[in-house]
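Listed below, chain by chain, are the residues.
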Amino acid sequence: MFKSPFSFDGRIRRTEYGLSILIYFIGYFLVFMLTALFTGFMELDATGATLLFWVFLVPILYFNIAQSAKRCHDLGNSGWYQLIPFYIFWLLFAEGQSGANEYGQNPKEINRFEEISEIGKA
């Protein structure tokens, strides 16, 4: 899990995507709190506070977009599908495609094959 969280390549399972959404919301809350803290501490005006907010927020947004694209890939769709309104619910609850697709191997099956190969070596 989370081997390359900022990459757009590959596929991820529902569990990793759900944790990514949770990390995104926690990160967004922290960005909001840090911006409020630094704005009061450095006595910034509205423009400075907005700029500071976006500086903190861009990495969190990039992480979320990359993870959503990989989850779209697990369903066999382009990463652009995440722009569809309410598609996040489909990403959270839909079963990924079994077997390999054009975006890579099924993340569930990768772990199974490794475990099975270890059983034979014992």
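On a predicted model such as this, the values are computed, not experimentally measured, just so you know.

Right, let's get into the layout of surface pockets. Over the atoms rolls a probe the size of a water molecule, and in doing so it shows where empty space is left. Within this model, the second largest pocket holds a volume of roughly 250 Å³. In terms of lining, the second largest pocket is formed by 15 residues, of which the most central are Tyr-17, Asn-64, Ser-68, Gln-82 and Ile-88. Those elements that provide at least two residues to the lining of the second largest pocket are α1 (14-42), α2 (46-74) and α3 (87-93).

Along an α-helix, a turn takes 3.6 residues, which lines up residues three or four apart on a common side. End to end, α1 covers 41 Å across 29 residues, agreeing with the expected 42 Å (1.5 Å per residue, within 8%). For α1, the full list of buried residues reads Glu-16, Tyr-17, Ser-20, Ile-21, Tyr-24, Gly-27, Val-31 and Thr-35. Tucked inside the fold, the buried residues of α1 contact α2 and α3. Taken from the residues just after α1, Glu-43 is the one with a positive phi, measuring 55 degrees.

Before going further, it helps to examine the confidence of the model for the protein. Detailed reading of the predicted coordinates is not advisable wherever pLDDT falls low. For the protein, the mean per-residue pLDDT works out to 87, and 89% of the residues sit at or above 70. Averaged over each element, pLDDT in the protein is lowest for helix α4 (residues 107-121) (64) and highest for α3 (93).

Residues Ile-12, Tyr-17, Ile-21, Cys-72, Leu-75, Tyr-87, Leu-91 and Ala-94 constitute the largest nonpolar core, which totals eight residues. Of all elements in the fold, only α1 and α3 reach the threshold of two or more residues within this core. When near neighbours in sequence (up to four residues on either side) are disregarded, Ile-21 contacts Asn-64, Ile-88 and Leu-92.

Calculation criteria
Residues numbered from 1 in each chain as written. Predicted model: local features only at pLDDT ≥ 70, side-chain atom pairs only at ≥ 80, totals over all residues. Heavy atoms only, no water. 1 Å grid on protein atoms, 1.4 Å probe; cavity = no way out; pocket = protein on both sides within 12 Å on 5 of 7 lines; lining within 4 Å. Points joined across faces, edges and corners; volume = space filled by probe spheres on them. Helix = DSSP H or I, 4+ residues; strand = E, 2+ residues; numbered from the N terminus. Expected span 1.5 Å × (residues − 1). Buried < 20%, exposed > 50% of the residue type's maximum accessible area, 1.4 Å probe, protein only. Contact = heavy atoms within 4.5 Å. pLDDT = per-residue confidence, 0-100. Core = buried A, V, L, I, M, F, W, Y, C linked by side-chain atoms within 4.5 Å.

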